[in-house]
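What follows is each chain in one-letter form.
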Amino acid sequence: MANRLETDVKIKTFYITEKLELCLEDVQINDIYGYPLFKIGKMDARIIPTINDNELRFKDIYMKDVLGRVVKYEGGKNLNFKDLFMQLGGEKKEKKESDGDFDFHLKVDNFKLDNGHVVYWNQNKDKPEKLSMDWAHIDIDSIYGVFSNLEVKHDSVSGYVHTLKGKDKCGLVLEDGSGDVLFCEKCLNIDSLKLVTGESHVDLDLRFEYNNSRAYYEFVDSVRIIGNIRPSTLLLSDLKYFSWILHKLPDKFNFTGYYDGTVSDFTVSDFVADFGNESHIDADVSFTGLPEFYDAYMDITIREMLSSYNDTKNFAIPIESKTVPIPEELSGIGTYMMAGTFQGYALDFKTQFSLATDMGDIDAAVYLNTTENSGYSFNIAANRLNISDLIGMDD
């Protein structure tokens, strides 16, 4: 096999017992450039006999100290494992459904992975990010996973993930994950997905849609994400690995919603959340241009927001003031209800809103630009508003 691949294939220990128990130790397969493509420190498996030549079944598989390294080398057209498969297969031959090897079927009843390490590295991209998730340079180690009913058939992979843990080089830690997974050339579908990272935990049905699996090379712009989010908790600073500007935002949301779009261009509709001590919001939120926050265009419709002066004043946002800049003189409004819209960028936006308080009502239209092309306009109408009460002045 090594001669046919024209690369190194090393196996220190290999044997099959009379009980069909397969044992492997210190396995390494290099790519055609001489670097490791796949390594296994230890593997124990129990084989289930089958009557079909194109079917392979295992009762249990246990793997420890595993490395999978997928690389697109500088100037190369293919990923390293594709180069190796082309070397193994020689000239590409057209397959027909009648071909015997077309229906290859692998099934594993129980699979456990201990101390896995997965690398995807594209040397044709810019230098790796140091602070946030870099989709062209993924390096996840300390992977632990327990799976059942794994199945590989044609171009699809399915199975149930009971637990999955790991840590990316950027610092993002998946403390636990589970779900029912189906992966194929056109989509990745995970039902009943549960994720825990930091102080956030999410419960949703998740689907990735794309033209083909090459879309993962340009994940931020090329993979459509659809998520039906059940009651979940999100600490905003836990998202810092996707947009570093969020790392100083300590606010936490208990929320539901429906996510549709890519990482760079998405809408969260029917976003219903509780936050602060007494705040509640029902809104639709759209972003275009992420992960660069200040370059991102926002379109937000707030159907209803119930909040208070204290919750608003203490809500952290990524601007110089660090929190919502609401004057101390307005502390008299106490709790309030608001509805309105926001369109624009963090430093250049327009907003229209209606505000109802015990002290009166306000309708406002505001334009504010704090960039070098600064400008502003305010159009405010008040109804039953007692200014002296609002700002705490005596009659």
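Residues numbered from 1 in each chain as written. Predicted model: local features only at pLDDT ≥ 70, side-chain atom pairs only at ≥ 80, totals over all residues. Heavy atoms only, no water.

Participant: I would appreciate a short explanation of unusual backbone geometry in the present structure.
Facilitator: Across the chain, the bulk of peptide bonds are trans and the bulk of non-glycine residues have phi less than zero. Between Leu290 and Pro291 the backbone carries a cis peptide bond, its omega angle lying at 15 degrees. Examined against the element boundaries, Pro291 turns out to sit in the loop between β15 (279-288) and β16 (297-308). Phi at Asp26 takes a positive value of approximately 50 degrees, unusual for a residue other than glycine. With respect to the helices and strands, the residue Asp26 is situated in strand β2 (residues 21-30). One non-glycine residue, Asp270, lies in positive phi territory at about 50 degrees. What makes Asp270 partly exposed here is its relative accessible area of 49%. (Helix = DSSP H or I, 4+ residues; strand = E, 2+ residues; numbered from the N terminus. Buried < 20%, exposed > 50% of the residue type's maximum accessible area, 1.4 Å probe, protein only.)

Participant: Hey, could you run me through the state of the cysteines in this one?
Facilitator: Each disulfide consists of a covalent bond between the sulfur atoms of two cysteine residues. The full count for this structure, using the stated rule, is 0 disulfides. Residue Cys187 stays outside any disulfide, its sulfur separated by 3.6 Å from that of Cys184, the closest cysteine. (Disulfide = S-S within 2.5 Å.)

Participant: Just checking my understanding: could you explain the pairing of strand β20 (residues 375-383) for this structure?
Facilitator: Summarising burial for β20: 0 of the 9 residues are buried, a small minority. Pairing analysis gives 9 bridges linking strand β19 (residues 360-369) to β20, with the strands arranged antiparallel. Opposite Asp361, over in β20, you have Asn383 as the bridge partner. Where β19 hands over to β20, the hairpin turn is made up of 5 residues, counted between the paired strands. (Pairing = 2+ DSSP bridges.)

Participant: What is the right way to read a nonpolar patch on the surface from this model?
Facilitator: A contiguous nonpolar patch, built from Ile11, Phe14, Ile16 and Leu20 and spanning about 370 Å² of accessible area, is present on the exposed surface. For Ile11, the position within the fold is in strand β1 (residues 9-16). (Patch = residues over 30% accessible without salt bridge, like charges linked within 9 Å, V, L, I, M, F, W, Y side chains within 5 Å. Areas by Shrake-Rupley, 256 points an atom, 1.4 Å probe, with all protein chains shown as cover. Salt bridge = Lys/Arg side-chain N within 4 Å of Asp/Glu carboxyl O.)

Participant: Explain the nonpolar core to me, please; I cannot follow it from the model alone.
Facilitator: Nonpolar side chains in soluble globular proteins tend to end up buried together. Ranked by size, the top nonpolar core spans 51 residues in total, and within it Phe208, Phe253, Ile281 and Phe287 carry the most contacts. Per-element accounting of this core gives the leading share, 5 residues, to strand β14 (residues 265-275). Formed by 16 residues, the second largest nonpolar core is a distinct cluster that contains Leu24, Met63, Val108 and Phe147. (Core = buried A, V, L, I, M, F, W, Y, C linked by side-chain atoms within 4.5 Å.)

Participant: Hey, could you run me through the pattern of salt bridges in this one?
Facilitator: Side-chain pairing between opposite charges can occur once the charged atoms of the two side chains come close. Going through the model one piece at a time under the given rule, you end up with 15 salt bridges. One salt bridge connects Asp26 with Lys12, and the closest N-O pair in it is separated by 3.9 Å. A residue pair is termed long-range when its members are at least 10 positions apart, and Asp26 in strand β2 and Lys12 in strand β1 qualify at 14 residues. Residue Asp26 is classed as partly exposed on the basis of its relative accessible area of 41%. For Lys12, a relative accessible area of 62% puts it in the exposed group. Among the ionic pairs, Glu209 bridges to Arg224, the shortest N-O distance being 3.4 Å.

Participant: Help me out: how do you make sense of the side chain of Asp31 in this one?
Facilitator: In this fold, Asp31 is placed in the loop between β2 and β3 (36-48). Separated by 2.9 Å, the side chain of Asp31 and the backbone nitrogen of Tyr33 make a polar contact. A distance of 2.6 Å separates the side chain of Asp31 from the side chain of Tyr73, its partner in a polar contact. (Polar contact = N/O pair within 3.5 Å; in protein donor to acceptor, adjacent residues only side chain to side chain.)

Participant: What is the right way to look at the environment of Ala381 in this model?
Facilitator: Structurally, Ala381 can be placed in strand β20. The exposure class assigned to Ala381 is partly exposed, which follows from its relative accessible area of 44%. Sequence separation between Ala381 and Asp361 is 20 residues, and the spatial gap between their C-alpha atoms is 8.5 Å. Not counting residues up to four positions away in its chain, the partners in contact with Ala381 are Asp361, Ile362 and Asp363. (Contact = heavy atoms within 4.5 Å.)

Participant: Explain the packing of aromatic side chains to me, please; I cannot follow it from the model alone.
Facilitator: Inspection of the entire model under this criterion finds 20 aromatic pairs. Put simply, the rings of Trp135, Phe183, Phe208, Tyr210, Tyr216, Phe219 and Phe242 pair up and form one aromatic cluster. (Phe/Tyr/Trp six-rings, centres within 6.5 Å; stacked < 30°, edge-to-face > 60°.)

Participant: Just to check I follow, could you spell out the environment of Val71 for this structure?
Facilitator: If you trace the backbone, Val71 turns up in strand β4 (residues 55-72). Once you skip the residues sitting within four places of it in the chain, Val71 turns out to touch Asn78, Leu79, Asn80, Trp121 and Gln123.

Participant: I'm lost on the pairing of β15 in this one. Help?
Facilitator: On a regular strand, each side chain points to the face opposite its neighbour's, so the side chains alternate between the two faces of the sheet. Two elements, β14 and β15, share 9 bridges in a ladder whose sense is antiparallel. What sits directly across from Asp265, in β15, is Thr288. In this structure, the hairpin formed by β14 and β15 is closed by a connection of 3 residues, where Gly276 is found at a positive phi of approximately 60 degrees. Pairing analysis gives 9 bridges linking β15 to β16, with the strands arranged antiparallel. Directly across from Phe287, in β16, lies its bridge partner Met298.

Participant: Help me out: how do you make sense of the side chain of Asp251 in this one?
Facilitator: Its place among the elements puts Asp251 in the loop between β12 (224-235) and β13 (252-261). Lys252 is the oppositely charged side chain nearest to the buried, salt-bridge-free Asp251, at an N-O distance of 11 Å. Within polar-contact distance, the side chain of Asp251 engages the backbone nitrogen of Ala316 at 2.9 Å. Sequence-distant contacts of Asp251, that is, excluding residues within four places in its chain, are made with Leu234, Leu235, Leu236, Asn314, Phe315 and Ala316. (Lys, Arg positive; Asp, Glu negative; His and termini not counted.)

Everything listed here is a matter of geometry and, on its own, says nothing about what the molecule does.
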